[in-house]
Amino acid sequence: MTVDYDALEKVLLSLTEGETDAVALMATLACEIHHADVRFDWTGFYRVTAPELLKIGPYQGGHGCLVIPFSRGVCGAAARTGEVQLVDDVDAFPGHIACASSTRSEIVLPVRNRAGELIAVLDIDSDQPAAFSREDAEGLARILEKVFVNVV
């Protein structure tokens, strides 16, 4: 199964219309994205809460790590570089943080507010190797950009 990102985008834009609270938006996106595809084993946000520090935000799935520094893991790399991290094999990623032993692959995208400031990262884990594609990265990035555009 692959996600119909155009349809998912329409649903999410409808559900989040007029909302400017970042946590409310994150909760809605985590739920809808998580249930959009069987590949998605854990779907959630890590919020920037201090310089160089991410803390867990709204998510769907098993427990996640509570705190991730920008200097560690796939989420830290996305926050540090501001670039999408598409990891086919988490065991081959230097400094990977194993929040769940079932995770085999991962995609992490930076989340920016209206001013272009990094406010969070969206982390999606899969129990399947090489589960994510450029299509996933592009579809998710487009959704994040449109949904978080009104967050100050």
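Keep in mind that this is a model prediction, so the values were computed, not measured.

Some words on the overall build of the protein
Alright, step 1. When you go through the protein residue by residue, the secondary structure sums to four helices and six strands.
Alright, step 2. In summary, the protein has a C-alpha radius of gyration of 14 Å against a globular reference of 15 Å for 152 residues, a match within 12%.
Alright, step 3. Here the protein holds 152 residues, and the buried ones make up 47% of them.
Alright, step 4. In the protein, 53% of the contacts between residues at least 6 apart in sequence involve partners at least 24 apart.
Alright, step 5. As presented, the protein carries roughly 7300 Å² of accessible surface, and 51% of it is formed by carbon and sulfur atoms.
Alright, step 6. Each charge class in the protein can be summarised by its mean position, and for the 12 positive and 23 negative side chains these summaries are 5 Å apart.

Description of the state of the cysteines
Alright, step 1. A complete count under the given rule lists one disulfide for this structure.
Alright, step 2. Here cysteine 65 connects covalently by a disulfide to cysteine 99, the sulfurs 1.7 Å from one another. Disulfide cysteine 65-cysteine 99: torsion about the S-S bond near -115°, hence left-handed. In this pair, cysteine 65 is assigned in the loop between β2 (53-60) and β3 (67-69) and cysteine 99 in the loop between β4 (85-87) and β5 (105-112), connecting sequence segments 34 residues apart.
Alright, step 3. Judged by its relative accessible area of 16%, cysteine 65 falls in the buried class.

Observations concerning the pattern of salt bridges
Alright, step 1. The full count for this structure, using the stated rule, is five salt bridges.
Alright, step 2. Put simply, Asp6, Glu9, Arg142 and Lys146 are held in one network by salt bridges that share partners.

Focus on the side chain of aspartate 123
Alright, step 1. With respect to the secondary-structure elements, aspartate 123 resides in strand β6 (residues 118-126).
Alright, step 2. One buried charged residue, aspartate 123, forms no salt bridge at all, with the nearest opposite charge on arginine 72 at 13 Å.

What counts, and where the lines are drawn
- Residues numbered from 1 in each chain as written.
- Predicted model: local features only at pLDDT ≥ 70, side-chain atom pairs only at ≥ 80, totals over all residues.
- Heavy atoms only, no water.
- Helix = DSSP H or I, 4+ residues; strand = E, 2+ residues; numbered from the N terminus.
- Rg over C-alpha atoms; globule rule 2.2 N^0.38 Å.
- Buried < 20%, exposed > 50% of the residue type's maximum accessible area, 1.4 Å probe, protein only.
- Contact = heavy atoms within 4.5 Å.
- Areas by Shrake-Rupley, 256 points an atom, 1.4 Å probe, with all protein chains shown as cover.
- Lys, Arg positive; Asp, Glu negative; His and termini not counted.
- Charge placed at Lys NZ, Arg CZ, Asp CG, Glu CD.
- Disulfide = S-S within 2.5 Å.
- Salt bridge = Lys/Arg side-chain N within 4 Å of Asp/Glu carboxyl O.

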